[in-house]
Amino acid sequence: GAVVSQHPSWVICKSGTSVKIECRSLDFQATTMFWYRQFPKQSLMLMATSNEGSKATYEQGVEKDKFLINHASLTLSTLTVTSAHPEDSSFYICRTTGENPEAFFGQGTRLTVV
Amino acid sequence: SQKIEQNSEALNIQEGKTATLTCNYTNYSPAYLQWYRQDPGRGPVFLLLIRENEKEKRKERLKVTFDTTLKQSLFHITASQPADSATYLCALAPSEDDKIIFGKGTRLHILP
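**Quick word on the packing of aromatic side chains**
Going through the model one piece at a time under the given rule, you end up with ten aromatic pairs over all chains. Seen from their ring centres, Phe 105 of chain A and Tyr 36 of chain B are 5.7 Å apart, and the 90° between their planes marks the pair as edge-to-face. A residue pair is termed interchain when its members come from two chains, as with Phe 105 of chain A in strand E10 (residues 103-105) and Tyr 36 of chain B in strand E4 (residues 32-38). Taking relative accessible area as the criterion, Phe 105 of chain A reaches 9% and is therefore assigned buried.

**Points about the sheet that holds strand E1 (residues 4-7) of chain A**
Within a sheet, neighbouring strands are paired by backbone hydrogen bonds and run either parallel or antiparallel to one another. All names here are of chain A. The sheet built from four strands is open, its strands ordered E1-E3-E8-E7 with antiparallel pairing. At either end of the open sheet lies a strand with only one pairing partner, and these are E1 and strand E7 (67-73). Between one strand and the next, the sheet's axes are offset by a mean angle of 15°, whatever the strand orientation. Sheet analysis places E1 next to strand E3 (residues 19-25), joined by four bridges and oriented antiparallel. Of the residues in E3, the one forming a bridge with Gln 6 is Cys 23.

**Observations regarding the interface of chain A and chain B**
As a measure of interface size, the accessible area lost when the parts come together is often cited. With 21 residues of chain A in contact, the opposing surface of chain B contributes 21 residues. Between chain A and chain B, the buried area comes to about 1600 Å², and carbon and sulfur atoms account for 55% of it. By the criterion of area lost to chain B, the three top residues of chain A are Lys 41, Pro 101 and Phe 105 of chain A, representing 25% of everything that side buries. Counting across the interface, chain A meets chain B through zero salt bridges. Counting across the interface, chain A meets chain B through three residue pairs in polar contact (both at pLDDT 80 or more).

Parameters and conventions
Residues numbered from 1 in each chain as written. Chains lettered and ligands numbered in written order. Predicted model: local features only at pLDDT ≥ 70, side-chain atom pairs only at ≥ 80, totals over all residues. Heavy atoms only, no water. Phe/Tyr/Trp six-rings, centres within 6.5 Å; stacked < 30°, edge-to-face > 60°. Helix = DSSP H or I, 4+ residues; strand = E, 2+ residues; numbered from the N terminus. Buried < 20%, exposed > 50% of the residue type's maximum accessible area, 1.4 Å probe, protein only. Pairing = 2+ DSSP bridges. Axes fitted to C-alpha atoms, helices over the stretch in contact; angles between N-to-C directions. Contact = heavy atoms within 4.5 Å. Buried area = accessible area lost by both parts, 1.4 Å probe. Salt bridge = Lys/Arg side-chain N within 4 Å of Asp/Glu carboxyl O. Polar contact = N/O pair within 3.5 Å; in protein donor to acceptor, adjacent residues only side chain to side chain.

Here it is, written out as structure tokens:
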């Protein structure tokens, strides 16, 4: 199946700084990448959908100026959490879609803002 | 409102027994339903997909059923093993735009 590589797997940053999370599709071209956030014991919540070469579509309640998504190529999508605050601490996961259409997820990034 | 519910937050099953997890949904008419496994600190991994015109799907020790009348899917693990301990997520796509909706998951513990 398809492989999505997500980095970093964990990051600790100071409040007010920005953090970039990368998702690379290793053996296929990911036209669309979905970004999720997951709090402990909660379901995956879709934040935004990015399509290669166009602006991302954000879900209701997600600040587009705070969570910057770039999908400049068919193999790389990035999520930048700008001016991070402790309440942004969460598990962030990207995913794309295979042909069946099962979802292929990155390994996830545990963000802790201190 | 539209909901997808996995009505057991946690489930303990003795090793060797069959584990059965339930997923119910309301106000959706999905073309298919999926099950994923998620280990702590990791992204979900796809297990099985079942389409609306399929009653049952099997893969090794896994079996999924899909009842569109009851709006329910059951996920079975037979001959369960401690290595099957994980959180299992039910997911469906309510429309053609590929925005998959996930349940909260059921944490399954297989007791040796």
